Every structure is written in C-alpha cells, then in structure tokens.
Amino acid sequence: MTHFERSEKKGSERSEGSYSFKILPHPADVKLQITASTKEELFQGALAGMASIISSEAPPAGRAGKNKVLPSRARQVLIDAKLSKNAQIVKENIEVQSLDFNALLVDFLSEVLAKTDISHTVFNKLKIKKLTDNFLQTEIEGQKIDYFGQEIKAATHHGLEIKQDKSGNYGVTILFDI
Amino acid sequence: MQKENLIKINNYLWEIPQSFRSDMLVPARFFANEKLMGGILKDRSLEQLINVCTLKGIKRYGLAMPDIHEGYASPIGGVAAIDIEEGIISPGMQGYDINCGMRILCSEYSEAEIKDKISKLAEKIYQEVPSGLGKGRKIKMNMSDLDKILERGAQKLVNDGYGEKEDLENCEAGGFLENADASVVSLLAKKRGQNQVGTLGSGNHFLEIQKVSEIYDEKIAEIFGLFQNQIVIMVHTGSRGLGHQVATDYIKEFMGLMDKYQIKIPDREFACVPFKSPEGQRGFRASQAAANYAWANRQMITYYVRKAWEHVLGKKTSSLKTLYDVAHNIIKLEKYKINNQLIELAIHRKGATRAFPPHHPDIPAKYQEAGQPVLIPGSMGTTSYILHGTKEAEQSFYSACHGAGRTMSRHEAIRKVQGQELKKAMEDQGIIVKVGFLSGLAEEAPAAYKDINEVVEVVHQAGLAKKVVQLKPLAVIKG
C-alpha cells in the first residue's frame, strides 16, 4: 500500500493543521483515503493526493523522453513540485457551488481535473478564500507537465461520506475512475 | 453475496431473485460459469448489480456479462434496459468514458508477407497516434468544427477526407447518432476535446497489430473478410476528456434534481432524472454528442494508422478496411418486445458490447446473414476475439462482454509486476512493445485480468455471440 504523509506549515491565510492520504486498492479504479484536522486541510489533502496519483512515475516538463521511465521516487519529488525548477507555474481560480459538503469535494476535484486536462498542469496547492458546506472559492497552483503518470477520468461520488471522528479530525475515501 | 442466494438457470446463467432485496424492481441475471463465479463472489460486483435492479423503468432484469467486476454505480459489464416513457436516464450507468469502444482494421496481407515490416509499422503508428498520458494533438480544432464532430461524428471526418465511405457503413450507427446536440455540451467539455481527436489516451486503451491465429467459423470469417494469419489492427479508445466532462456535468446536474423528481437511488453515482424530462433529454443529447466524438476519434486514429501503413508498406498497397466499430459504454435507443408490445428502451451498457443478430436492420447489408461483428479485446499481450451476433442474445438485450474484466487493482499490478520484466516476457513471445511508461504496461499485465478465453467461452456457450476467429498480438502500442 502506498502511503504518503504530509504536514505542512500554513501560509498567512490559513491556521495550523495537517493532513495525510493513502492510496487504497480497488479492482478497477483507485481509492484515495484522506484524513485532516480541518475542512480546509481535507481539501488540500484531496488535492495533493489526486496530484500524487496523476503524477505517479511521470517525468516532469522538459525531461520527458520516449520510453524513459523515472524511478518511483520521482512521484514523491514531483508532488513537492521542486524537481523541475524551470517548469511553468500555473495558477487558476475555482468557484464551486454544490448540493452539499460531500458533493462539494467531488465537484472541486472534477473542476481541477478539467483544468489539469486542458492546461497539462498538475495542481497540488490551494489557497482557500471561502469555504462553506456547499460553496468553495479558491486559488489552485500547480506545475506544467508533459506527461501524466496516471490519467484520471473522474472523481466519483461512489460511497463518499465525509466523517468527523471524536478528536474532530475529518476523514473521507474518494474513488477515482481511471 | 453468498452462492446459496443465487439461482442457477443453466450452466452459464445465474439469477438473484427480486425478493433478495426489497428495493429491487426486477431480478438480476448474470452470465458466468463455475470457474468465473469464484472471482465474481469475491468483490462487490453482485451488490452493484442488485443496485442496477432498483433503477426506475428497468425492464426484465438487471444484467451483467461474464467479465463483470466491481466498479461504481453499475458493475463493469452491466446492462440496464430502461423504458423511456416511465423510466430514467443515468449517465453513471454508462460510465465516464462515453462510447469507449473497439475498431478493427483489416489488411489484405498475411503475417508471412510483411513480418519484417511489423516493427517499423509499430514504431510509425506510435509516432503518428499520440498515445501518452494527457497527450493531445498539437493543433487545436476550432469550435465550429468541433460542434460538427459532436453532431456528425465520424461522418464529418469522412466528408473532410479523413476516411472512406465504407468506414461509416461498417460502424455502429453509421458513425454518428442523430439525436446529438452540440449546444448542450458545456464549453469546458469542448475545451477538453479541442486537441484530443485522434488520440488514444491511457489506462487500458491501446492499439495492437494482430494476426488471425485461429478460425472457428469459416463461412462467417469469409463474410467478415478474415483469413488465417491475416494482419489486422485493433483500436481501443473512447471520447477522452470531452466525454468524461459530459458525464461529470450531467451527474452533477442530475444529483441536484433527484428531490424534484422524487427518485431514490442506492448510490449517488446513479444520479438520474426521468428520460423524457427536459433535463433528461438534454443529458441524452449531450451523451449522444460525446458518443459521436468517440467515433470521430477512432476515425481520426484510423486515418493516422493508414498514413503509417502507407509510409511503411508503400502507397500502392491496398488500404486497411474497417471490419467494424462498436461501443461498449453507451446509452442507445433500441426497440424490444416487452409483454408482447414493441417498445423503445434506453439501453444503458457499461462495459458491454452491442451484439445485433443476423437480419437486424441496424447492421450493414454485407453482414445481414452473419450478424454483427462483435469485437472483444483480451488483456494486453493475450488473445482477442471476433464473434458474431445471434438471435439468442435477445436475452441480454443483444449485449456481450467487452473484454476480460479485471481481477487485480492497477496499483497491485504495478507492485506485483515489473514493467521491464513484462516487456521482456512479451518480447520473448515475439510481441513488439511500444509503450510510453513501463508502469502503464505493468498495470495492464495479463495477471491483473480474468482469462479472456474463459470469458469468451461463456459468451459463446450462453449464445450471446458466437466465436468466429481468435487474434494474437504481434505489436502492442499504448501510453
């Protein structure tokens, strides 16, 4: 089981917190499990987790070559978006209105996937401007990439339920159609 | 699900009675033999099939083909026939890759005649057809041309010189569905589709150079123009980002309308509205437009494959002919007799290939005696099959399997199978491998799939379609 853990210091707009994600097996698709201390971190964790699926074993912009394969460590480096210093940084604004909080997370990831497909960019950071139970306004940031390691067709609503545990941490599992 | 809950109808057909769960509107039926049953009971595919049986307007049975495996909403391999007067339309019941499907191109050459050119041909096809992950074509199509593709599919490209009239004759629906409407496809979906006509995509999508390795039915093989050791080219892809976005858009919209129409579903991915509602009609026309985009995609790939073929074998060689092109993720209007009344149904197929019988009005004149060619790919590097439609398949609303069906997750496959070793093993079998990333190769390893021979045997024995020829890969091209 692939297991990534991320703890990162917040920018000035956000409070202290952390998230972690791991990829779970599924017969045909990919499941991503995220836990986070805040709702905002849950969205950040989902975005970073999705970026890790998309960028798995893909060489960064400017380094791709036919039939060349980077070691699996490249995935981790890519998520940090540090490997290709010359790669173009892309920022986009997203506004999503949804039925409820569960749908909001999926709809947000769907918007990101569309932008990923159009601009060939792996987005892995976000600055949330407004988040309610059915509305999200955020800026996302990512890096241009020549090749994706894994093409995601869709983030699905299948069995998705955001839950809060006794310590107040949020948890969710998202199924991606790949 | 326990085996004792199943009713054995015959050696290849099983039923879950309507009484099994109170919200089932019809019984569930699936095709499998004892050997495949073990795998089917291991995952949640039968639970998902039961969920299909709760869809409003479903007729006869919720059905699944022998390559059934767990997905989301419907299992992969699911078929739901929905009465358009009283029932719903559900994009999740066809999947995000609208009109993912198969096309086979036939050459007039045998393996012996061009064996020394196969490697060069594979390399040239790999160069001509963008197959990498997220790779599009360099030129973006203008929106006006894209709208025409959405409404006229492969026909638009053939009219523009990217194919032959015969390509359309030998394509499901003649290469386009008339109910398509570009105006109900979102701008976001169109932007995603602007540079992806003529691209394979990733995952299980591939292009293979194959040879006819075994003939089961000489007479029908001859009607299909197939002969022993003949070189053919198989294309597997769909509607790319445009189709994914159309499904995403309408699942989101329909989810917000469930209360309005008082529809209850066991999984949000089934999000649906009445087929005849204004929203349902819009969703249907958008889905048909995405299906047209997929036919155009496979048509453009055909154009580039032919270009590669001419480059390697010379311009004087005869052109590659389209044997057939058929979808396995789609919503189609088809007429069936239900309670002695001929009614129009919205057939939702998610990982199931349409398999029309002989004398069906919607198949080409030259296949009237044989039935529709049914194109079934095996997992990468293994055998594939061409079958023909039969009248017995009315029991499955003329549907057959769409492939082998996965048994192992992609990530598990990547962990267990070394891409480099798999490549070598395939090359040791004489298969040329052109692949962007070895992880992409590993996740499609044959070990991650059911045995295609077993799956096709069930299709054959159950009468859903009958075997005509077996195909063996000589070269695999994928992202």
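Quick caveat: nothing in here was measured; it's all calculated off a predicted structure.

Focus on the overall build of chain B
Then comes step 1: When helices and strands are counted, chain B shows 14 helices and 19 strands.
Then comes step 2: The globule rule puts the C-alpha radius of gyration for 479 residues at 23 Å, and the 21 Å found for chain B is close to it.
Then comes step 3: Here the C-alpha coordinates of chain B stretch approximately 60 × 50 × 45 Å along the principal axes.
Then comes step 4: Among the 479 residues that make up chain B, the fraction classed as buried is 63%.

With respect to the sheet that holds strand β6 (residues 135–144) of chain A
All names here are of chain A.
Then comes step 1: Judged by pairing direction, the sheet is antiparallel, and its three strands sit side by side in the order β4-β6-β5 without closing on themselves. Strand pairing shows two members of the sheet lacking a second neighbour, β4 (89–97) and β5 (121–131), which therefore form its edges. Taking each pair of neighbouring strands and ignoring which way they run, the sheet shows an average axis angle of 25°.
Then comes step 2: As judged from the nine bridges shared by β5 and β6, these two strands associate in the antiparallel manner. Within β6, the residue paired with K130 across the bridge is Q137.
Then comes step 3: Across the face of the sheet, helix α1 (residues 39–54) comes into contact with β5 and β6 while running at roughly 170° to β5.
Then comes step 4: Those strands touched by helix α3 (residues 101–119) are β4, β5 and β6, and its axis lies near 145° from that of β4.

Let's talk about the interface of chain A and chain B
Then comes step 1: Contact with chain A, which involves 32 residues of that partner, is made by 39 residues of chain B.
Then comes step 2: For the side of chain A that touches chain B, the secondary-structure elements that each account for two or more residues are α3 and β9 (170–177) of chain A.
Then comes step 3: At six residues, α3(A) tops the list of elements feeding residues into the side of chain A that touches chain B.
Then comes step 4: Of the residues that constitute the side of chain A that touches chain B, the class distribution is 16 nonpolar, 10 polar and six charged.

A few points about the packing of helix α9 (residues 240–255) of chain B against helix α10 (residues 278–313) of chain B
Residue and element names in this part refer to chain B.
Then comes step 1: Look at α9 against α10: their axes get within 9 Å of each other, and the N-to-C directions meet at 170°. The orientation of α9 with respect to α10, classified from their angle, is roughly antiparallel. On α10, the residues that touch R240, L242, G243, V246, Y250, E253 and F254 of α9 are E279, G283, A286, S287, A290, Y293, A294 and N297.
Then comes step 2: Class assignment for the residues of the contact of α9 with α10 results in eight nonpolar, four polar and three charged.

Comments concerning helix α5 (residues 143–159) of chain B
Residues and elements named next belong to chain B.
Then comes step 1: Helix length check: α5, at 17 residues, gives a terminal C-alpha distance of 18 Å against a target of 24 Å (1.5 Å per residue), a shortfall beyond 12%.
Then comes step 2: At R152, α5 is bent by approximately 120°, the largest bend along its length.
Then comes step 3: Extensive coverage of α5 is indicated by the burial of 12 of its 17 residues.
Then comes step 4: In this structure, the buried side of α5 is in contact with α6 (165–169), α7 (187–193) and α10.
Then comes step 5: Where α5 terminates, the next one or two residues include G161, which has phi positive at roughly 100°.

Observations regarding the pairing of strand β13 (residues 341–350) of chain B
All names here are of chain B.
Then comes step 1: Where strand β5 (residues 76–83) meets β13, six bridges bridge the pair, whose relative direction is antiparallel. Bridging from a neighbouring strand, D83 pairs with L345 of β13.
Then comes step 2: Sheet analysis places strand β12 (residues 329–338) next to β13, joined by 10 bridges and oriented antiparallel. Bridge pairing links N329 to K350 in β13.

Section: the pairing of strand β8 (residues 206–215) of chain B
All names here are of chain B.
Then comes step 1: The buried fraction of β8 amounts to seven of the 10 residues, a majority that puts the element mostly inside the structure.
Then comes step 2: With six bridges joining them, β8 and strand β9 (residues 230–237) adopt antiparallel strand pairing. Looking at the pairing, Q210 lines up with V232 of β9.
Then comes step 3: As defined by bridge partners, β8 adjoins strand β19 (residues 465–478) across eight bridges and the pair is classed as antiparallel.

Calculation notes
- Residues numbered from 1 in each chain as written.
- Chains lettered and ligands numbered in written order.
- Predicted model: local features only at pLDDT ≥ 70, side-chain atom pairs only at ≥ 80, totals over all residues.
- Helix = DSSP H or I, 4+ residues; strand = E, 2+ residues; numbered from the N terminus.
- Rg over C-alpha atoms; globule rule 2.2 N^0.38 Å.
- Buried ≥ 20, exposed ≤ 12 C-beta atoms within 10 Å, placed from the backbone.
- Pairing = 2+ DSSP bridges.
- Axes fitted to C-alpha atoms, helices over the stretch in contact; angles between N-to-C directions.
- Contact = placed C-beta atoms within 7 Å.
- Nonpolar A, V, L, I, M, F, W, Y, C, P; charged D, E, K, R; others polar.
- Parallel < 35°, antiparallel > 145°, perpendicular 65-115°, else oblique.
- Expected span 1.5 Å × (residues − 1).
- Bend = angle between axes of the 7 residues up to and from the residue.

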